[in-house]
Amino acid sequence: MSEKHDPYEAKDTGHEWDSIRELDNPPPRWWMIGLHISWISVVVYIILFPAVPLINSATKGILGWTSIKRLHAQVAEIEAVRKPYDEKLKGMDMEEILKNNELLTFAQGGAKVIFGDHCAPCHGAGGQGGPKFPVLADDDWLYGGTAETIVETITDGRQGNMPAHASTLSKKELDDVVQYVVGLSSGKVYEAGLAVFMGETEAEAACASCHGVDAKGMTMVGAPNLTDSLWRFSGTEEGIRYTVEHGVNDEEDALTRNAVMPAFGEKLSKLQIKKLALLVHQFGGGQAAVVDDEE
Ligand code: HEC
Ligand code: HEC
């Protein structure tokens, strides 16, 4: 370069500061090319795409591109992938879907978001439950753990009812039946309490009519198994006494325990409910259809 063109021979602009002279050299060619490419791309971009902001909108660009259109296109792409799966899910019954890993994975993936929006506030993000809401991730079911039953639960909601016994049992009967229930999960049988539980005493108790003669619960009325160590409300002596005294959802007892599962049949589509039921079923304690027929 220095042979062709000595930069120090260029025209002097006449400016000089501290013995530094300002020369009138043109910028290097690569730099000029870059400059032209830049402004040309800007002009082309402005012509093709929305660019210059106006008062209420912006220049539109001749391609007609908008970010909303792009979003719609992307959503349509995803829908197109989902649609055949959704169609299959709609047409199959739950037991069939449970045997199809690909469909099951698809359904559960979609259901996670719905669960997070509608169910997690009460049941916890992974169905782990809470002090007032039942665990969905174990195999202890109030109403039954087949996929079909779970669909019913979600669609119509559930409300377990246990009458308060504070006024129907004598103090002794109450003590006895509480002792009996406390003993159940450790395998101890407290005879006096057993009689109250079975409704063999004078008082109207007949716990067995809902919880079963074996106290293992009855899914038809949502009465829980009292013989295991999983407790819906509380398994302490005090907690059990409270449940027996005040009942569950007993409108006549102001201190009753509340437990209402809202109905989602109108808020969610059938397909969404189907997907949710498949997710809940797989949380850990789903039952096969045959097992549920035992009652
Ligand atoms: C407002 C709180 C609340 C919301 C929201 C809620 N649930 Fe429930 N759910 C409950 C309560 C309370 C029960 C227990 C009802 C009872 O004890 O009778 C229950 C019971 C259930 C059961 C029955 C469990 C069993 O052991 O049989 C299932 C299944 C269930 N819910 C699934 C769902 C799903 C899926 C959603 C989201 C679509 C959902 N729930 C949203 C409060 C809620
Ligand atoms: C009309 C039916 C019915 C009768 C009668 C009944 N229960 Fe219940 N019981 C239920 C239902 C339903 C639930 C669960 C409510 C829920 O979770 O929504 C329940 C819950 C309980 C619980 C709470 C269990 C837990 O996991 O925390 C205890 C304890 C209990 N019952 C004991 C008794 C005893 C003892 C008697 C008799 C004195 C009795 N029940 C009579 C229906 C009944």
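Residues numbered from 1 in each chain as written. Chains lettered and ligands numbered in written order. Predicted model: local features only at pLDDT ≥ 70, side-chain atom pairs only at ≥ 80, totals over all residues. Heavy atoms only, no water.

Undergrad: Help me out: how do you make sense of the site of ligand 2 in this one?
TA: Looking at ligand 2, there are 26 residues lining it, with Met162, Cys207, Cys210, His211 and Arg232 nearest. A distance of 3.4 Å separates an oxygen atom of ligand 2 from a polar atom in the backbone of serine 234. Of all the secondary structure elements, the ones that give two or more residues to the shell around ligand 2 are helix 7 (171–184), helix 9 (208–211) and helix 10 (237–246). Broken down by element, the shell around ligand 2 gets its largest block of residues, 3 residues, from helix 10. (Near = heavy atom within 4 Å. Polar contact = N/O pair within 3.5 Å; in protein donor to acceptor, adjacent residues only side chain to side chain. Helix = DSSP H or I, 4+ residues; strand = E, 2+ residues; numbered from the N terminus.)

Undergrad: In this structure, what is going on with the coordination of the iron atom of ligand 2? I would like to understand it.
TA: When four donors bind a metal tetrahedrally, each ideal donor-metal-donor angle is 109.5 degrees, and when six bind octahedrally, the ideal angles are 90 or 180 degrees. Distances from the iron atom of ligand 2 to its protein donors, Met162 (SD) and His211 (NE2), fall within 2.0 to 2.1 Å. Geometry at the iron atom of ligand 2 is octahedral, judged from its 6 donor atoms and the angles of 87 to 179° they form at the metal. You can see methionine 162 sitting in the loop between strand 3 (158–159) and helix 7 and its partner histidine 211 sitting in helix 9, a full 49 residues away along the chain. Residue methionine 162 is classed as buried on the basis of its relative accessible area, which comes to 18%. (Donors = N, O, S within 2.8 Å, 3.2 Å for Na, K, Ca; no water. Tetrahedral: all angles 85-135°; square planar, octahedral: opposite > 155°, others 65-115°. Buried < 20%, exposed > 50% of the residue type's maximum accessible area, 1.4 Å probe, protein only.)

Undergrad: Please explain the packing of aromatic side chains as it appears in this structure.
TA: Aromatic rings considered in pairs are described by the distance between their centres and by the relative angle of their planes. Enumeration over the complete set of coordinates arrives at 5 aromatic pairs. Pairing phenylalanine 115 with phenylalanine 283 gives two aromatic rings, centres 5.2 Å apart and planes at 80°, and the pair type is edge-to-face. Highlighted residues: phenylalanine 115 in helix 4 (residues 101–118) and phenylalanine 283 in the segment after helix 11 (270–282), separated in sequence by 168 residues. Its relative accessible area of 2% is what places phenylalanine 115 among the buried residues. For phenylalanine 283, a relative accessible area of 22% gives the class partly exposed. (Phe/Tyr/Trp six-rings, centres within 6.5 Å; stacked < 30°, edge-to-face > 60°.)

Undergrad: Is there a simple way to think about the coordination of the iron atom of ligand 1 in this case?
TA: The coordination sphere of the iron atom of ligand 1 contains the protein donors His123 (NE2) and Met261 (SD), at a distance range of 2.0 to 2.1 Å. Each of the 6 donor atoms bound to the iron atom of ligand 1 contributes to angles spanning 87 to 179°, and the resulting shape is octahedral. Here methionine 261 lies in strand 4 (residues 260–261) and histidine 123 lies in helix 5 (residues 120–123), a separation of 138 residues in the sequence. Accessibility expressed as a relative area gives 9% for histidine 123, which makes it buried.

Undergrad: Sorry if this is basic, but what is going on with the pattern of salt bridges here?
TA: Side chains that differ in charge, positive against negative, can pair when their charged atoms come close. Going through the model one piece at a time under the given rule, you end up with 8 salt bridges. Here glutamate 152 and arginine 158 are joined by a salt bridge, their closest N and O atoms 3.9 Å apart. For glutamate 152, a relative accessible area of 44% gives the class partly exposed. Here aspartate 175 ties to arginine 241 by a salt bridge, and the two come within 2.7 Å at their closest N and O atoms. Taken together, the positions of aspartate 175 in helix 7 and arginine 241 in helix 10 put the pair 66 residues apart, joining distant regions of the chain. Using a relative accessible area of 22% as the deciding quantity, one classes aspartate 175 as partly exposed. Take arginine 241: its relative accessible area is 23%, and that puts it in the partly exposed class. Shared partners join several salt bridges into a network, and the residues in it are Lys171, Asp175 and Arg241. (Salt bridge = Lys/Arg side-chain N within 4 Å of Asp/Glu carboxyl O.)

Undergrad: Looking at this model, I keep getting lost on the packing of helix 4 against helix 11. Mind explaining?
TA: Helix-helix packing is characterised by the crossing angle of the two axes and by the distance between the axes. Here helix 4 crosses helix 11 at 100°, and the two axes come no closer than 8 Å. Classified by the angle their axes make, helix 4 and helix 11 are roughly perpendicular. On helix 11, the residues touching Leu104, Phe106, Ala107, Gln108, Ala111, Lys112, Ile114 and Phe115 of helix 4 are Gln272, Lys275, Leu276, Leu278, Leu279, Val280 and Gln282. Taken together, the residues of the contact of helix 4 with helix 11 break down into 10 nonpolar, 3 polar and 2 charged. (Axes fitted to C-alpha atoms, helices over the stretch in contact; angles between N-to-C directions. Parallel < 35°, antiparallel > 145°, perpendicular 65-115°, else oblique. Contact = heavy atoms within 4.5 Å. Nonpolar A, V, L, I, M, F, W, Y, C, P; charged D, E, K, R; others polar.)

Undergrad: Any chance you could explain the site of ligand 1 here in plain terms?
TA: Every one of the 25 residues lining ligand 1 counts as a neighbour, but Cys119, Cys122, His123, Tyr143 and Met261 are closest to it. At 2.7 Å from a nitrogen atom of ligand 1 is found a side-chain nitrogen or oxygen belonging to histidine 123. At 3.0 Å from an oxygen atom of ligand 1 is found a side-chain nitrogen or oxygen belonging to arginine 232. The dominant element in the shell around ligand 1, judged by the number of residues it contributes, is helix 6 (residues 147–156), at 3 residues. In the shell around ligand 1, the residues fall into 17 nonpolar, 6 polar and 2 charged.

Undergrad: What is the right way to look at the domain arrangement of the chain in this model?
TA: By a widely used convention, the size of an interface equals the accessible area lost when the partners come together. Entries for the chain in the domain assignment read domain 1 (1–65), domain 2 (68–159 + 264–294) and domain 3 (171–258). A straight line from the C-alpha centre of domain 1 to that of domain 3 covers 86 Å. (Domains from an automatic or database assignment.)

Undergrad: What exactly am I supposed to notice about unusual backbone geometry here?
TA: Trans is the common state for peptide bonds, and a negative phi is the common state for residues other than glycine. Although it is not a glycine, serine 19 sits at a positive phi angle of roughly 60°. For serine 19, the location among the structural elements is in the loop between strand 1 (12–17) and strand 2 (20–23). Notably, alanine 215 is not glycine yet its phi reads approximately 60°, a positive angle. Among the secondary structure elements, alanine 215 is positioned in the loop between helix 9 and helix 10. You can call alanine 215 buried: its relative accessible area is 0%.

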